[in-house]
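Residues per chain are reported as follows:
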Amino acid sequence: QAKALGRNRYCFFEPAIEARLRDEMELFTQLRHAIEEQQFVLHYQPIIPLAEGLGSYGEALLRWPGGGSQASPGVFIPFAEQHGLIEGIGDFVLEAASHFVATSIEQGLPQSISINLSARQLALSDLPERLSQAVSKHGIPASAIELELTESSLIQNLQAISVTLTRLRQAGFRIAIDDFGAGYSSLNYLVELPVDKVKIDQRFIWSLFNSPRNQAVVKAILSLAHTIGIQTVAEGVETAEQLAFLQAHGCHYVQGYYLARPMSQQDFLTFQQLGTANMTPAG
Ligand code: C2E
Ligand code: MG
Ligand code: MG
Ligand code: MG
């Protein structure tokens, strides 16, 4: 530490590095402030069933209205994870999503929601207790909350993660592997880990018709998941052709701009109400 400080005295930072550090300091300060002041909101993107007997639900996606150019969760979430700020964000998301589910149920519209958990959150030893406390505080069943975990957060310690996932499922939460196939992809995770669902990464869906290989991969994931009794979601569905392919190959749910974009809580409730109305047989 002293050595590093001492070295800094003699060394000039490159202007570009200095500028980057300044930007990072600023983002850190803004983000910490945003957490303290609860300046975030959740939007919800509908996830639509293709198979009969399944209901639609929504994925909670974090929005930071005051975040300026850094407001994309793809930017500030990884930053928050790296700089020790993700716990505060995670608590906000859990609280806001549980509150939303409770409000929906009060309005007679049973709701189930998925939330994204980061690798850091998954590593918290009291995660199952935290989650259970949040749902019981709001009087909602744990089964109303699905936890999306990216594949990359699962690979770190398969044994320990498996234990945590088992505890979470025993508490009633459902587990989905997010962005499956994006990175470290091993079909092993699907088979080994106690999960309910797999979400196929959007890049496979976008490039579905670019090569027969991508179609083969998606078909293989759908088929394996089906065989071992895991439900499937395709993310990033943007065209009718993609939807038709997924339907033809037995994908359980679809999510993407072709069906609906992430929307405010109020718009999502309206969307759900319309869906329920449409499904009610006439007469
Ligand atoms: P994700 O969990 O894989 O979420 C899906 C992302 O794809 C969302 O981006 C969504 O808006 C976008 N998307 C959905 N359908 C389409 C489509 O058809 N086309 C395209 N181009 N994009 C589509 P978003 O909201 O920017 O979130 C990015 C990532 O940030 C999420 O990826 C997730 O990893 C992370 N994230 C978002 N909210 C949270 C949160 O509350 N907690 C944590 N830990 N991570 C979050
Ligand atoms: Mg997700
Ligand atoms: Mg995803
Ligand atoms: Mg993602």
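As shown above, the structure is provided for reference.
In what follows, the accompanying structure is described.

The rules behind these values
- Residues numbered from 1 in each chain as written.
- Chains lettered and ligands numbered in written order.
- Predicted model: local features only at pLDDT ≥ 70, side-chain atom pairs only at ≥ 80, totals over all residues.
- Heavy atoms only, no water.
- Buried < 20%, exposed > 50% of the residue type's maximum accessible area, 1.4 Å probe, protein only.
- Helix = DSSP H or I, 4+ residues; strand = E, 2+ residues; numbered from the N terminus.
- Pairing = 2+ DSSP bridges.
- Near = heavy atom within 4 Å.
- Polar contact = N/O pair within 3.5 Å; in protein donor to acceptor, adjacent residues only side chain to side chain.
- Areas by Shrake-Rupley, 256 points an atom, 1.4 Å probe, with all protein chains shown as cover.
- Nonpolar A, V, L, I, M, F, W, Y, C, P; charged D, E, K, R; others polar.
- Phe/Tyr/Trp six-rings, centres within 6.5 Å; stacked < 30°, edge-to-face > 60°.
- Contact = heavy atoms within 4.5 Å.

### Topic: the pairing of strand β2 (residues 57-63)
In step 1: Extensive coverage of β2 is indicated by the burial of six of its seven residues.
In step 2: Where strand β1 (residues 41-49) lies against β2, seven bridges are found, and the strand directions are antiparallel. Directly across from Q45, in β2, lies its bridge partner E59.
In step 3: Pairing geometry for β2 and strand β3 (residues 113-117), over two bridges, is parallel. By the bridge assignment for β3, E59 is matched with S114.

### Overview of the site of ligand 1
In step 1: Not every one of the 24 residues close to ligand 1 is listed here, only the nearest: R63, N116, Q202, E238 and Y257.
In step 2: At 2.9 Å, a side-chain N or O of D178 approaches an oxygen atom of ligand 1.
In step 3: Within the side chain of E238, an N or O atom sits 2.5 Å from a nitrogen atom of ligand 1.
In step 4: Expressed as a share of its isolated accessible area of 810 Å², the protein-covered part of ligand 1 is 84%.
In step 5: For the shell around ligand 1, the leading source of residues is β2, giving four residues.
In step 6: Broken down by class, the residue content of the shell around ligand 1 amounts to ten nonpolar, seven polar and seven charged.

### A word on the packing of aromatic side chains
In step 1: If you walk through the whole model with that rule in mind, you get nine aromatic pairs.
In step 2: Between the aromatic rings of Y57 and Y253, the centroid separation amounts to 5.3 Å while the plane-to-plane angle is 85°, which identifies the pairing as edge-to-face. Here Y253 lies in strand β8 (residues 253-254) and Y57 lies in strand β2, a separation of 196 residues in the sequence. The residues Y57 and Y253 share a single accessibility class, namely buried.
In step 3: Taking the centre distance of 6.1 Å and the plane angle of 90° together, the rings of F209 and F245 count as edge-to-face.

### Side note on the side chain of Q242
In step 1: Topologically, Q242 is positioned in helix α12 (residues 240-248).
In step 2: Judged by its relative accessible area of 6%, Q242 is buried.
In step 3: Of note is the side chain of Q242, whose polar atom sits 2.7 Å from the backbone nitrogen of E238.
In step 4: What Q242 contacts, discounting residues up to four positions off in sequence, is I205, W206, L208, F209, G236 and V237.

All quantities given are derived from atomic positions and should not be read as evidence of function.
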